[in-house]
Amino acid sequence: MSMSESTAQTQPSRIDRARLRYRTFRRQWYSTAVLLAGVFGILLVLPLTLNLYAFGLSLGTWVSVHMLILTLVWATTGQAWNMMSGYTGQFSFGHAAFFGLGAYGTIILLNTAGLNPWLGMLVGATIASLYGLLIGVLCFRYDLRGHYFALATLAFAELLRHTFNTVSQLGGASGFFRPLPQEYADGFGLIAFQFENALPYYYVILAFLIVVSAISLVIKQSRLGLYLFAIRENENAASAVGIPTYRYKLVGITVSAFFTAWAGAFWAMYFNTIRPETVYDILVNVEVLLPAIVGGIGTVLGPIVGAFLVIPLAEIARQSVDIAGFDHVIYGVLLIVIVLYSPKGVVSWPARLFELLEDRGLYESTIDDENMDNDE
Amino acid sequence: MDPSTALQYVAFAILLGGIYGLVALGLTMIFGVMDVINFAHGALMVVGMYIVWWGTNELGLSLFLTIPIAVIALFVLGVGIHLSTIAPIIDSSQENQLIVTFGVLLIIVSAIEIVFSADPQRLEFGLGSVQFAGVYLPLGQLYALIIAVLAVIIAWAFLQYTQLGRAIRGTADNRDAAQYVGINVPRIDYLTFGFGAALAGLAGAVIPLFQSIDPHLGDAYLINAFVIVVLGGLGSFPGALIGGMIIGFVHVFGQVFLPGSGYQIAIFLIFILVLLLKPSGLLGGDVHE
């Protein structure tokens, strides 16, 4: 014990040298971009490794491409939600509104006007942005914060659910069927936004996630990002030093709504039908924000890491236990456990692991822990 | 609409308003005292519904037994939920508390769905109906109405006239000052959560008397209870009861006169208008601290 302590004090151990190197790396402006690139590199080849066998086991036993697609959908929405609620601290509990508008916008324009789903997606996303702007103008103008804002966003989402449920021109309770690709394009393919198997869908949603993550990162590292975080940390102080908080909160909700709608549009083209009970459901509000909460609010890597923890866990649990509703129990337990025990999310776990080991006396750190709390 | 039908609707609106009032009263108590928005409140109602349905239908117990059992069980469950999930983060951000209570909602509703399936259930025996001043009233509705109105009066009297009720109102009014004058605030917290849960349980317990139940029935009541709580003023006890009646009437008469779930759209529009124009609600104080 005393031996290791004295050597540790004179010379950093191998682990500590690595930790120091990592800390230095994380202080570089490009470090998150490099980590993101690494994550996306893995995600690019991940579906191709599902059928590889190692030691008689294969990832494909538990994980399907469909599961990966769902994971990336919620990672994308988590990333989009994070751009508003994570960055500015305005907690939205109604992102199902934007998700649903993206889905319905795409399908309705395709069904009624024969508009190509890619264009429909952009129109749907613009409508979602405008709806977000409306919510923002109304709520922020009247300075709704905290509980009141969360409840107001939930009300705006539920309002859409009941409206689409009631108005038959908007599909009513039975919603819409996705048309066959031959009806509006030359069959399956990228232009039709419909594919014969799951793998191309995976790469489309991965592309969405890459775009949204890149924009999220650029915003975070720009002056705009500083303003948004200033609003989160102390809105009154931010306003006092001259940041037009009202305007920047509107920017946050508009951008966030736009990209949440992308995931909704993808949902509409991936599944056969959309109904108010699937895309506007109260649970969608939670599924949108769950990856960001679990992964780490306000971080760019958090929503991706969180999604890969939450969705496969819930899906595998549901498949292996074969009880409907069991995945919701997993969601519930994760929400409670993360908030109670690790409010900074999964991305804070490596640093916390070292802290824990030190507390138990299993590991002696030679580096001071100040500034060790990288937020991702 | 002939007078007897109209009277029938009014009776049903008062019944629904009383149930909404009970749910909202529990919700607004918890909010007023702890500043926590309890998303699990609707799920607690559902637990009450299933205790009464299961105890009465499967065990053959009397309603006079199962309804009090539901109330007591929900009080205990509420205290347990508070001590295990809310108390540790009582000083944390509002969002964290909201997320945790939503986690509790998911667990409770899914557990009920797993145990009892998602199929709608109803009490097997009919309670019959009475003819009263030309109005035909199902007895189940009548009993539920009487219980709801009685419970509202008792809850109000409890808050108004007992020592504990005064302590709860005091804590809701000013948490710090309550602490200074010697009120044990953590104790008030768990008792309030227990009472709030018990009120939700009672509201849920009378629902099987007049309609079929399913694990997700609580969601609709929960969302409307939010509307009522904001309408009446977050933390205002009389506001919750008045707001409950208003939404009860909008619900019943909206269902009659508006297509589809138009009544629900009307309720949300009222909600959004109140949030924007008078977020402190009809009887609430100042919103901004």
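From a predicted model like this one, the values you see are computed outputs, not experimental measurements. (Residues numbered from 1 in each chain as written. Chains lettered and ligands numbered in written order. Predicted model: local features only at pLDDT ≥ 70, side-chain atom pairs only at ≥ 80, totals over all residues.)

## Description of the overall build of chain A
Helices and strands together make up the secondary structure of chain A, namely 16 helices and four strands. Relative to the compact-globule value of 21 Å for 376 residues, chain A shows a C-alpha radius of gyration of 22 Å, a close match. Projected onto the principal axes, the alpha-carbon positions of chain A cover approximately 75 × 60 × 35 Å. Counting all 376 residues of chain A, 44% fall into the buried class. Sequence separation of 24 or more characterises 74% of the internal contacts of chain A that already satisfy a separation of 6 or more. (Helix = DSSP H or I, 4+ residues; strand = E, 2+ residues; numbered from the N terminus. Rg over C-alpha atoms; globule rule 2.2 N^0.38 Å. Buried ≥ 20, exposed ≤ 12 C-beta atoms within 10 Å, placed from the backbone. Contact = placed C-beta atoms within 7 Å.)

## Quick notes on the overall build of chain B
Per the secondary structure count, chain B includes 11 helices and two strands. Written out in order from the N terminus, the α and β elements of chain B read α-α-α-α-β-β-α-α-α-α-α-α-α. Each principal axis of the C-alpha atoms in chain B carries an extent, and together these give about 55 × 45 × 35 Å. Across the 289 residues in chain B, those meeting the buried criterion constitute 53%. For chain B, the share of sequence-separated contacts (at least 6 apart) that also reach a separation of at least 24 residues comes to 76%.

## Quick word on the interface of chain A and chain B
Interface size is commonly expressed as the accessible area that is lost once the parts come together. Taken together, the contact between chain A and chain B spans 34 residues of the former and 35 residues of the latter. Of all the secondary-structure elements, those providing two or more residues to the side of chain A that touches chain B are α7 (146-166), α13 (282-295) and α15 (326-341) of chain A. Ranked by the residues each element gives to the side of chain A that touches chain B, the list is headed by α7 of chain A, at 13 residues. Grouping the constituent residues of the side of chain A that touches chain B by class yields 24 nonpolar, nine polar and one charged. (Nonpolar A, V, L, I, M, F, W, Y, C, P; charged D, E, K, R; others polar.)

## So, the UniProt feature "transmembrane region" (unreviewed entry) in chain A
Residues and elements named next belong to chain A. Per the UniProt record, "transmembrane region" (unreviewed entry) is found at residues 29-46, 52-75, 96-113, 119-140, 201-219, 250-270, 290-311 and 323-342. What you have in residues 29-46 is 83% helix and 0% strand, and the ends, taken at the C-alpha atoms, are 27 Å apart. The span residues 96-113 carries 100% helix and 0% strand; its end-to-end C-alpha distance comes to 25 Å. (UniProt positions renumbered as here; feature names shortened; annotations may be inferred.)

## A closer look at the environment of Leu7 of chain B
Residue and element names in this part refer to chain B. If you trace the backbone, Leu7 turns up in helix α1 (residues 3-34). Given 17 C-beta atoms within 10 Å, Leu7 falls into the partly exposed group. For the pair Leu7 and Tyr136, spaced 129 residues apart in the sequence, the C-alpha separation amounts to 9.3 Å.

## Concerning the UniProt feature "transmembrane region" (unreviewed entry) in chain B
All names here are of chain B. Following the UniProt record, the feature "transmembrane region" (unreviewed entry) maps to residues 6-29, 36-55, 61-86, 98-116, 136-159, 190-210, 222-249 and 256-277 here. Within the segment residues 61-86, helix and strand shares are 92% and 0% respectively, and the terminal C-alpha atoms sit 34 Å apart. The straight-line gap between the two end C-alpha atoms of residues 222-249 is 17 Å; of that span, 86% is helix and 0% is strand.

## Thoughts on the confidence of the model for chain B
Residue and element names in this part refer to chain B. When pLDDT is averaged across chain B, the result is 86; 94% of the residues are at 70 or more. Mean pLDDT across the elements of chain B ranges from a minimum in strand β1 (residues 129-132), with 71, to a maximum in helix α3 (residues 63-86), with 94. Across the interface, the model reports ipTM at 0.86; the global pTM reads 0.88. (pLDDT = per-residue confidence, 0-100.)

## Observations regarding the environment of Thr299 of chain A
All names here are of chain A. By secondary structure assignment, the location of Thr299 is in the loop between α13 and α14 (302-321). For Thr299, a count of 25 C-beta atoms within 10 Å gives the class buried. Spatially, the C-alpha atoms of Thr299 and Asn82 are 7.8 Å apart, while their sequence positions differ by 217 residues.

## Observations concerning the environment of Ala167 of chain B
All names here are of chain B. Of note, Ala167 is situated in helix α6 (residues 163-173). Along the sequence, Ala167 and Leu217 sit 50 residues apart, while their C-alpha atoms lie 33 Å from each other. If we ignore the near neighbours within four places in the chain, the residues touching Ala167 are Ile183 and Ile188.

## Points about helix α11 (residues 245-270) of chain A
Taking 1.5 Å of rise per residue, the 26 residues of α11 of chain A would be expected to cover 38 Å, and the 38 Å separating its terminal C-alpha atoms lies within 8% of that figure. Along α11 of chain A, 20 of the 26 residues are buried, which leaves the element largely enclosed by surrounding structure. (Expected span 1.5 Å × (residues − 1).)

## A look at the packing of helix α4 (residues 65-88) of chain A against α11 of chain A
All names here are of chain A. At their nearest, the axes of α4 and α11 sit 8 Å apart, and the two run at 170° to each other. Classified by the interaxial angle, the pair formed by α4 and α11 is roughly antiparallel. Counted together, Ile69, Val73, Thr76, Thr77, Ala80, Trp81, Met83, Met84, Tyr87 and Thr88 of α4 and Lys249, Gly252, Ile253, Val255, Ser256, Phe259, Thr260, Trp262, Ala263, Phe266, Trp267 and Tyr270 of α11 form the full contact between these two elements. (Axes fitted to C-alpha atoms, helices over the stretch in contact; angles between N-to-C directions. Parallel < 35°, antiparallel > 145°, perpendicular 65-115°, else oblique.)

## Observations regarding the confidence of the model for chain A
Per-chain confidence: chain A averages 87 in pLDDT, with 93% of residues scoring 70 or above. Confidence scores differ between elements of chain A, with helix α1 (residues 2-10) of chain A showing the lowest mean pLDDT of 49 and α11 of chain A the highest of 96.

## Thoughts on unusual backbone geometry
Where the residue is not glycine, phi is negative for most of them; where a peptide bond is considered, it is trans in most cases. One non-glycine residue with positive phi stands out, namely Phe193 of chain A, at about 60°. Assignment of secondary structure puts Phe193 of chain A in the loop between β3 (176-177) and α8 (198-221). Positive phi, normally seen in glycine, also occurs at Ser117 of chain B, with a value near 70°.

## Description of the packing of α3 of chain B against helix α4 (residues 94-116) of chain B
Residue and element names in this part refer to chain B. Packing of α3 against α4 leaves a shortest axis separation of 11 Å and a crossing angle of 130°. By the angle between their axes, α3 is oblique relative to α4. Relative to α4, the crossing made by α3 is right-handed. Along the contact surface, α3 presents Ile81, Thr85 and Ile86, while α4 presents Gln97, Val100 and Val104. (Left-handed = near helix turned anticlockwise from the far one by under 90°.)

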